Amino acid sequence: MEKIASFTIDHIKLQPGVYVSRKDHIGAEVITTFDLRMTSPNEEPVMNTAEVHTIEHLGATFLRNHPEYKDKTVYFGPMGCRTGFYLLLAGDLFDSDQLYGQTAQELAQSLARFRGHAVIAPGNHDFYAAASPYARLLWPENVHIFREERLQRLPFPQYGCVVYGAAFTSPDAPAGIPGSLGPEDEGLARILLLHGEVGVRDSRYRAMTLKDVEQSGADYLALGHVHAFGGVQQAGRTFWAYPGCPEGRGFDELGERGFLFGDVTAEGADLEFIPFARRRYQSVTADVTDCDPAEAVRQALEGDCGQDICRVLLTGARRTDFSIPALEGELAGLCASLTLTDETYPEEDVWARCGEDSLRGLFLQDLREQYAAADEEGKKQVLRAAR
């Protein structure tokens, strides 16, 4: 049997604290389980039943009346070992309009293992402030965070480049590039890292024009804010791109997600988009006309979709009635989650008026003769014309 992930934790070393125990995918949704460990197992006495019962009621009452968490709370209750509580919240820890401290902590731990340097430019959802995780957390030495709205300069001579950037210090930022690149960068590739929107004049999120990009003086402008990769573009001698988010979080973020990889030099940028997401969101239409519905769904979905979350709209003329639950059962295992919507209609007898004393009847008579003489592909074309 497979080991349960939370059972593999060394409870002899486990100390009181708040931990993410697991994340479970149920269809297209995510349930995050938190381990609220109150005492150290096998080291401290367990909590008494009366205290556990009191905390259970206080916690549940607080959570279910909280303006942010009342609709996300699935369960709050004690562990059987009486050393803590489990809290189950609907949603992914990373799927939020703000940066959680736990998210930042996990990010810092991961980047500490990175054998290079990481540079972060906080944006509108994770802006830099005194109370933000960027300011309160101790980050590893190889992580550099821009902390001001004006441009700051980070030289990396070992990589042959210098990185300029600025942070959001509130949920919005003034238009334009917030400063200028220095004159002392001769021979170094100049990278500009910003969160903002190019070509959106009235944006509250650091609106920039193509002229701003062209006159920036950067060899490459690395942008955040737009969640979809839109290609590597060029304004004057400056290359610029949005790599998008590394993994889709809903049906508004469809298809491949990933990051940009390559070289940036003083002569330009040579970058390649690398698909990275383990799970994609797909929303497609499947036409069942002249096709088995299950086969129509398979043809409509892109590539290997075994890990994907898929939504399929069935359209066209159905030969026979079918059941959506039965069809979902037939397609079980095709993808991680599949939702089908039926907007098909019954197929008509296209030849019913063939031979009528009318233009329609004569037209159908001619098409029926073509249908009889056609191959399989030709028959499909004739049927489309007849309908």
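Calculation rules
- Residues numbered from 1 in each chain as written.
- Predicted model: local features only at pLDDT ≥ 70, side-chain atom pairs only at ≥ 80, totals over all residues.
- Heavy atoms only, no water.
- Buried < 20%, exposed > 50% of the residue type's maximum accessible area, 1.4 Å probe, protein only.
- Helix = DSSP H or I, 4+ residues; strand = E, 2+ residues; numbered from the N terminus.
- Pairing = 2+ DSSP bridges.
- Phe/Tyr/Trp six-rings, centres within 6.5 Å; stacked < 30°, edge-to-face > 60°.
- Salt bridge = Lys/Arg side-chain N within 4 Å of Asp/Glu carboxyl O.
- Arc of directions from axis to C-beta.
- Contact = heavy atoms within 4.5 Å.
- Polar contact = N/O pair within 3.5 Å; in protein donor to acceptor, adjacent residues only side chain to side chain.
- Axes fitted to C-alpha atoms, helices over the stretch in contact; angles between N-to-C directions.
- Parallel < 35°, antiparallel > 145°, perpendicular 65-115°, else oblique.
- Nonpolar A, V, L, I, M, F, W, Y, C, P; charged D, E, K, R; others polar.
- Core = buried A, V, L, I, M, F, W, Y, C linked by side-chain atoms within 4.5 Å.
- Patch = residues over 30% accessible without salt bridge, like charges linked within 9 Å, V, L, I, M, F, W, Y side chains within 5 Å.
- Areas by Shrake-Rupley, 256 points an atom, 1.4 Å probe, with all protein chains shown as cover.

Peer 1: Residue-level account of the pairing of strand 9 (residues 189-195), with values.
Peer 2: In terms of burial, strand 9 is a largely internal element, 7 of the 7 residues being buried. Covered by surrounding structure in strand 9 are Ala189, Ile191, Leu193 and His195 together with Arg190, Leu192 and Leu194, the residues of both alternating faces. As paired elements, strand 8 (residues 161-165) and strand 9 share 5 bridges and run parallel to each other. The residue bridging Cys161 from the neighbouring strand is Ala189, located in strand 9. Pairing of strand 9 with strand 12 (residues 220-224), which is carried by 5 bridges, proceeds in the parallel orientation.

Peer 1: Go over the packing of aromatic side chains, please, and point to the residues and values.
Peer 2: How two aromatic rings sit relative to each other is set out by the distance from centre to centre and by the angle between their planes. Within this structure, the stated rule accounts for 7 aromatic pairs. Ring geometry for Phe76 against Phe85: centres 5.2 Å apart, planes inclined by 5°, an arrangement best described as stacked. For Phe85, a relative accessible area of 1% puts it in the buried group. Aromatic side chains Phe251 and Tyr281 sit 5.1 Å apart centroid to centroid with 80° between the ring planes, which places their arrangement in the edge-to-face category.

Peer 1: Break down the pattern of salt bridges for me, with residues and values.
Peer 2: Applying the stated criterion across every chain, the model contains 12 salt bridges. Of the charged contacts in the structure, one is a salt bridge between Asp35 and Arg37, with a shortest N-O distance of 2.7 Å. When its relative accessible area of 8% is taken as the criterion, Asp35 is described as buried. For Arg37, a relative accessible area of 5% corresponds to the buried category. A salt bridge links Arg318 to Asp321, with the nearest nitrogen and oxygen atoms 2.8 Å apart. When its relative accessible area of 16% is taken as the criterion, Arg318 is described as buried. Connected through shared salt-bridge partners, Arg153, Glu184, Asp185 and Arg190 make up one network.

Peer 1: If you had to explain helix 8 (residues 376-386) to someone new, which residues and values would you point to?
Peer 2: The periodicity of an α-helix, 3.6 residues per turn, causes residues three or four places apart in sequence to face the same way. Of the positions making up helix 8, those classed as buried are Gly378, Lys379, Val382, Leu383 and Ala386. All buried residues of helix 8 project into a common sector of 140° when viewed along the axis, lining one side. Residues of helix 8 that are buried in the fold lie against helix 7 (359-373). Near the N-terminus of helix 8, the side chain that reaches the backbone nitrogen of Gly378, with its oxygen 2.7 Å away, is that of Asp375.

Peer 1: Describe the sheet that holds strand 18 (residues 309-315), and please don't skip the residues or the numbers.
Peer 2: The 3 strands lie next to each other as 17-18-20, forming an open sheet whose pairing is parallel. Each of the sheet's edge strands pairs with one partner strand only, and the pair in question is strand 17 (281-287) and strand 20 (337-342). Strand-to-strand twist in this sheet, taken as the mean axis angle between neighbours without regard to direction, amounts to 20°. Sheet analysis places strand 17 next to strand 18, joined by 7 bridges and oriented parallel. Pairing of Ser283 across the sheet is with Arg311, part of strand 18. Its contacts with the sheet put helix 5 (residues 293-300) on strand 17, strand 18 and strand 20, and the angle it makes with strand 17 is roughly 135°.

Peer 1: Which residues make up the packing of helix 7 against helix 8, and what values go with them?
Peer 2: Their axes nearest at 9 Å, the elements helix 7 and helix 8 cross at an angle of 170°. As far as their axial angle goes, helix 8 and helix 7 are roughly antiparallel. Along its contact with helix 7, which presents Arg360, Phe363, Leu364, Leu367, Gln370, Tyr371 and Ala372, the element helix 8 presents Lys379, Val382, Leu383, Ala385 and Ala386. Of the residues in the contact of helix 7 with helix 8, the class split is 9 nonpolar, 1 polar and 2 charged.

Peer 1: How would you summarise the environment of Cys354 if you had to cite specific residues and measurements?
Peer 2: Along the chain, Cys354 falls in the loop between strand 21 (345-346) and helix 7. Spatially, the C-alpha atoms of Cys354 and Leu367 are 9.1 Å apart, while their sequence positions differ by 13 residues. Discounting chain neighbours no more than four positions away, the residues touching Cys354 are Gly361, Leu364, Gln365 and Arg368.

Peer 1: Kindly report on the sheet that holds strand 8, identifying the contributing residues and their values.
Peer 2: Strand order in the open sheet formed by 6 strands is 7-8-9-12-14-13, and the pairing between neighbours is mixed. Across the chains shown, the open sheet's two edge strands, defined by having one partner strand only, are strand 7 (152-156) and strand 13 (233-235). For this sheet, the mean angle separating the axes of adjacent strands, direction not counted, is 25°. Relative to strand 14 (residues 238-241), strand 13 is paired through 3 bridges, and the arrangement is antiparallel.

Peer 1: Describe the nonpolar core, with residues and values.
Peer 2: Core analysis: the biggest nonpolar cluster contains 27 residues, and Ile120, Trp139, Val143, Ile145, Val163 and Tyr220 have the highest contact counts within it. Contributing elements (two or more residues each) for this core: helix 2 (101-112), strand 5 (118-120), strand 6 (143-145), strand 8, strand 9, strand 12, strand 14 and strand 16 (268-275). Not counting residues within four places of it along the chain, the set of residues in contact with Ile145 comprises Ile120, Pro122, Tyr128, Tyr134 and Trp139. Grouped together as the second largest cluster of nonpolar side chains are 18 residues, Leu314, Ile324, Leu327 and Leu331 included.

Peer 1: Give a description of a nonpolar patch on the surface that names residues and reports values.
Peer 2: On the surface, a cluster of nonpolar side chains totalling about 340 Å² of accessible area is made up of Phe259, Phe261 and Phe276. With respect to the secondary-structure elements, Phe276 resides in the loop between strand 16 and strand 17. On the accessibility criterion, Phe276 (52% relative accessible area) is exposed.

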